[in-house]
Amino acid sequence: MAPHRDLGAVGDANALVSRAESIRRFAVLPAEFSEQTGHLTPSLKLWRAAAARDFAKDIEALYERT
């Protein structure tokens, strides 16, 4: 997965926090999060275990040294 290049909102958010709190890498996942896919609870909260399981390779790619 290629890194996402639209940094407008990320840049705005980073301007409000310290470097330690800033977003340095992110990716847009190629999937819809919904109750039906098992990624969201009925109250629309993220099931972290399901997301971590299904997107493990994408998450690992964010931490790779390039």
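As the structure is a computational prediction, the values presented were derived from the model and not from experiment. (Residues numbered from 1 in each chain as written. Predicted model: local features only at pLDDT ≥ 70, side-chain atom pairs only at ≥ 80, totals over all residues. Heavy atoms only, no water.)

Regarding the layout of surface pockets
Filter applied, for reference: Here the term cavity refers to a set of points on a 1 Å grid, laid over the protein atoms alone, in which a 1.4 Å probe fits but cannot get out; the term pocket refers to an open set having protein on both sides within 12 Å along at least five of seven lines, with lining residues being those that place an atom within 4 Å of a point. Grid points are joined across faces, edges and corners, and a volume is the space filled by probe spheres set on the points. Secondary structure elements follow DSSP: runs of H or I no shorter than four residues count as helices, runs of E no shorter than two count as strands, and numbering proceeds from the N terminus. Following the grouping adopted for this structure description, the nonpolar residues are Ala, Val, Leu, Ile, Met, Phe, Trp, Tyr, Cys and Pro, the charged ones are Asp, Glu, Lys and Arg, and the polar ones are all others, Gly among them.
Of the pockets and cavities examined, the second largest pocket occupies roughly 170 Å³. What lines the second largest pocket is a set of 13 residues, and nearest its centre among them are Leu-29, Phe-55, Asp-58, Ile-59 and Leu-62. When residues of the lining of the second largest pocket are traced back to their parent elements, those giving at least two are helix H2 (48–54) and helix H3 (56–63). A breakdown of the residues in the lining of the second largest pocket according to their chemical character gives 11 nonpolar, no polar and 2 charged.

Structural notes on unusual backbone geometry
Filter applied, for reference: Buried, partly exposed and exposed residues are distinguished by accessible area as a fraction of the type maximum, computed with a 1.4 Å probe on protein chains only: under 20%, between the cut-offs, and over 50%, respectively.
In this model, Leu-44 sits at a positive phi of 65°, which is unusual for a non-glycine residue. On the secondary structure map, Leu-44 appears in the loop between helix H1 (8–14) and H2. Overall, the relative accessible area of 59% leaves Leu-44 in the exposed class.

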